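Fold and contact review
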Amino acid sequence: MGTSIEGNPLLASLMGAVGGGAALLGAKLLAASLGILLHLTGVHRIVAALTVLYLAAAVVPWTALLFFQ
């Protein structure tokens with residue numbers, strides 16, 4: 001398995017270069033940093049829209065997959 005099952009080619013490449021844990025940590029830190037930057041610059045509607053998109057596209061499907069199968 002390994003990085004061959006990762007759907008994001010950029011993340012898969014990063015996983016191959018620095019390892020899975022470090023790659024995921026880096027990706028999450030980057031995403032959180034960009035979200036904080038959007039908040040600090042006052043674009044709250046974009047932050048709210050991205051939060052809703054993330055919940056709908058990632059959190060809800062994974063929760064359903066993990067708890068209802």
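Quick look at the structure, then. (Residues numbered from 1 in each chain as written. Predicted model: local features only at pLDDT ≥ 70, side-chain atom pairs only at ≥ 80, totals over all residues. Heavy atoms only, no water.)

The next point concerns the overall build of the protein chain. A count of helices and strands for the protein chain gives three helices and zero strands. Tracing the protein chain from N to C terminus, the helices and strands come up as α-α-α. Projected onto the principal axes, the alpha-carbon positions of the protein chain cover approximately 40 × 35 × 15 Å. Burial analysis of the protein chain (69 residues in total) assigns 7% to the buried set. With the model as given, the accessible surface of the protein chain reaches about 5600 Å², and the carbon-plus-sulfur share is 75%. (Helix = DSSP H or I, 4+ residues; strand = E, 2+ residues; numbered from the N terminus. Buried < 20%, exposed > 50% of the residue type's maximum accessible area, 1.4 Å probe, protein only. Areas by Shrake-Rupley, 256 points an atom, 1.4 Å probe, with all protein chains shown as cover.)

Here we take up a nonpolar patch on the surface. A cluster of nonpolar residues, Trp-62, Leu-65, Leu-66, Phe-67 and Phe-68, forms a patch on the protein surface that exposes about 670 Å² of accessible area. Its location among the elements puts Phe-68 in the segment after helix 3 (44-67). (Patch = residues over 30% accessible without salt bridge, like charges linked within 9 Å, V, L, I, M, F, W, Y side chains within 5 Å. Salt bridge = Lys/Arg side-chain N within 4 Å of Asp/Glu carboxyl O.)

For the rest of this paragraph, the subject is the layout of surface pockets. Considering only enclosed or pocket space, the largest pocket measures out at about 360 Å³ in volume. Lining the largest pocket, in full, are Leu-11, Leu-24, Ala-27, Lys-28, Ala-31, Gly-35, Leu-38, Val-47, Leu-50, Thr-51, Leu-53 and Tyr-54. Those elements that place two or more of their residues in the lining of the largest pocket are helix 2 (20-40) and helix 3. Element by element, the count of residues in the lining of the largest pocket is highest for helix 2, at six residues. In this structure, the second largest pocket spans a volume of roughly 210 Å³. Every residue along the wall of the second largest pocket is listed here: Glu-6, Asn-8, Leu-10, Leu-11, Leu-14, Leu-24, Gly-26, Ala-27, Lys-28 and Leu-30. Of all the secondary-structure elements, those providing two or more residues to the lining of the second largest pocket are helix 1 (9-18) and helix 2. Looking at the lining of the second largest pocket, the element that brings in the most residues is helix 2, giving five residues. The residue makeup of the lining of the second largest pocket, split by class, is six nonpolar, two polar and two charged. (1 Å grid on protein atoms, 1.4 Å probe; cavity = no way out; pocket = protein on both sides within 12 Å on 5 of 7 lines; lining within 4 Å. Points joined across faces, edges and corners; volume = space filled by probe spheres on them. Nonpolar A, V, L, I, M, F, W, Y, C, P; charged D, E, K, R; others polar.)

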